[in-house]
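# Architecture and fold: a report
The primary structure of each chain is shown beneath.
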Amino acid sequence: MTFNFRKMAAGAALGAVLLGGAMVASNAQDAKHTIVTVVKLSGIAWFNRMEEGVKQYAADTGQNASQVGPASADAALQVQMIEDLIAKKVDAITVVPNSPEALEPVLAKALSQGIKVVGHEASSLKNVTYDVEAFDNAAYGEHLMEALAKAMGGEGEYAVFVGNLSAKTHNEWVDAAIAYQKAKYPKMKLVADKIESTEQQQVAYQKTKELLRTYPNLKGIQGSAGEDVVGAALAVEEAGLTGKVSIVGTSLVSVAGPYLESGEINMISFWDPAKAGIAMNKVAAMAIEGKEVTDGMDLGVEGYNKVRLNGKVIYGQAWVDVTKDNMGEYKF
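This one's a predicted model, so the numbers in the text were calculated from it and none came from an experiment.

## Brief notes about empty space enclosed by the protein
Evaluated as defined, the whole model comprises 2 cavities of 30 Å³ or more. Elements with a contribution of two residues or more to the lining of the largest cavity: helix 2 (45–61) and helix 6 (168–184). Classifying every residue of the lining of the largest cavity by side-chain character gives 5 nonpolar, 4 polar and 3 charged. Within this model, the second largest cavity holds a volume of roughly 40 Å³. Lining the second largest cavity are Ile44, Ala45, Trp46, Glu199, Gly226, Glu227, Ser251, Leu252 and Val255.

Shown next as structure tokens:
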């Protein structure tokens, strides 16, 4: 960062020194940080909502905070964006990776040049200052499976979607869900390997149509990316299987609301991406200023009021469940 110090009038030597010290402290305190959030994909509801949070953080703090993302969910495009940010010498990068493994080298480069790095949905990242998670991922996956099992009556065939096979968080949810199902609901059966939607509603729709043709007894679908449950719901609706195939997963009311109301989707769960964006930026600013996150700390963001720190990973308690009964409480 560059600090601009105003020239001070000549005076007594001691007075000049004291005044100079005060001015340095004042300017350091008032200096603005450049923090850029790199998301998986631009233009979808989930990350549009996250950008609202980033903009709110910038407005509230005066920090130079912004968000960018590729036009497709491609780790290579994220790498290019991060390389560009390194060249621009930003103060911090917050990132939601499509593939944590693919981003490790470029994030290591950012750290080596003094840039703070904060991850999200990527608890396995090693080359970060911190990683902010909305909750414990295994617990969340088990929670989604419990909801799906209850909707299915504890038996029958089901399938699972992830946004990308390389998406660490989605895989953690689904792996925990499958393990939970095997332990608690042995009469349920996973019909196929994880199905990749590439975070696209149309892809989830087409692949659900294929599932319904291949597995006519399918009774349940669990989605991970925000568009998965909606693509699945459209296919179920078109097939005339509303009420016969249960759907649960991560999404937003602005995306899934019509299908919650009509009954194709039983339940969605989510954390507010806007609040996650604010939390990431707050942690990034703390890191720039040399402040440490501590176990039990209140980040001043709903859902992150008593965080749990495990190494570099910061866990909140931020998920909510939404059905047609309470969907009116959420405007995003």
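Further notes follow.
## Focus on the pairing of strand 1 (residues 34–38)
Within strand 1, 4 of the 5 residues are buried, leaving the element largely enclosed by the surrounding structure. Remark: the strand 1/helix 2/strand 2 (residues 64–68) crossover connection has right-handed handedness. As paired strands, strand 1 and strand 3 (residues 92–95) are joined by 4 bridges and run parallel to one another. If you follow Ile35 over to strand 3, its bridge partner there is Ala92.

## A few points about the layout of surface pockets
By volume, the largest pocket amounts to about 190 Å³. Contributing to the lining of the largest pocket are 13 residues, with Asp272, Lys275, Glu302, Ala318 and Val320 lying nearest its centre. Looking at the lining of the largest pocket residue by residue, the class counts come to 8 nonpolar, 2 polar and 3 charged.

## Observations regarding the side chain of Glu199
By the secondary structure assignment, Glu199 is in the loop between strand 8 (195–196) and helix 7 (201–214). By relative accessible area, which is 5% here, Glu199 ends up buried. There is a polar contact of 3.4 Å between the side chain of Glu199 and the side chain of Lys40. Apart from the residues lying within four places of it in its own chain, the contact partners of Glu199 are Lys40, Leu41, Ile44, Ala73, Gly163, Asn164, His170, Ala225 and Glu227.

## Overview of helix 9 (residues 253–262)
For helix 9, the full list of buried residues reads Val253, Val255, Ala256, Gly257, Tyr259 and Leu260. Considering only its buried residues, helix 9 is in contact with helix 2, helix 8 (228–238), strand 11 (267–270) and strand 14 (320–322).

## Thoughts on the confidence of the model for the protein chain
Residues with a pLDDT of 70 or more make up 91% of the protein chain, whose mean pLDDT is 91. Segment residues 1–29 is flagged for pLDDT under 50; beyond a separation of four residues in sequence, or across chains, it makes 15 contacts in the model.

## Considerations on the nonpolar core
Of all hydrophobic cores here, the largest spans 84 residues; its most connected members are Ile265, Ile268, Trp271 and Tyr304. It is helix 10 (residues 273–288) that contributes the most residues to this core, 8 residues altogether. The contact partners of Tyr304, leaving out residues within four places of it in the chain, are Val132, Glu133, Ala134, Trp271, Lys275, Ala276, Ala279, Met297, Asp298, Leu299, Gly316 and Ala318. Listed in part, the 18 residues of the second largest apolar core include Leu103, Val106, Ile115 and Ala122.

## Quick word on the sheet that holds strand 2
Reading across the sheet, the 7 strands line up as 2-1-3-4-5-13-12 and stay open at both edges, with mixed pairing between neighbours. Where the open sheet ends on each side, the last strands, each with one partner, are strand 2 and strand 12 (308–310). Across the sheet, the axes of successive neighbouring strands diverge by a mean angle of 20°, strand direction being ignored. Direction of pairing for strand 5 (residues 130–133) relative to strand 13 (residues 313–315): parallel, over a ladder of 3 bridges. Looking across to strand 13, one finds that Asp131 is bridged to Val313.

## Considering unusual backbone geometry
With the exception of glycine, most residues fall at negative phi, and the peptide bonds are largely trans. Phi is positive for Glu121, close to 55°, though the residue is something other than glycine. Non-glycine residue Glu199 carries a positive phi angle of around 65°.

## A few points about the pattern of salt bridges
Scanning the model with the defined rule gives 12 salt bridges in all. Two residues, Glu146 and Lys150, come together in a salt bridge whose shortest N-O distance is 3.8 Å. Of this pair, Glu146 and Lys150 are both found in helix 5 (residues 137–152), 4 residues apart, which corresponds to roughly one turn of the helix. For Lys150, a relative accessible area of 62% gives the class exposed. Through salt bridges that share partners, Lys40, Glu121 and Glu199 make up one connected network.

Rules used throughout
- Residues numbered from 1 in each chain as written.
- Predicted model: local features only at pLDDT ≥ 70, side-chain atom pairs only at ≥ 80, totals over all residues.
- Heavy atoms only, no water.
- 1 Å grid on protein atoms, 1.4 Å probe; cavity = no way out; pocket = protein on both sides within 12 Å on 5 of 7 lines; lining within 4 Å.
- Points joined across faces, edges and corners; volume = space filled by probe spheres on them.
- Helix = DSSP H or I, 4+ residues; strand = E, 2+ residues; numbered from the N terminus.
- Nonpolar A, V, L, I, M, F, W, Y, C, P; charged D, E, K, R; others polar.
- Buried < 20%, exposed > 50% of the residue type's maximum accessible area, 1.4 Å probe, protein only.
- Right-handed = clockwise from strand over helix to strand, strands pointing away.
- Pairing = 2+ DSSP bridges.
- Polar contact = N/O pair within 3.5 Å; in protein donor to acceptor, adjacent residues only side chain to side chain.
- Contact = heavy atoms within 4.5 Å.
- pLDDT = per-residue confidence, 0-100.
- Core = buried A, V, L, I, M, F, W, Y, C linked by side-chain atoms within 4.5 Å.
- Axes fitted to C-alpha atoms, helices over the stretch in contact; angles between N-to-C directions.
- Salt bridge = Lys/Arg side-chain N within 4 Å of Asp/Glu carboxyl O.

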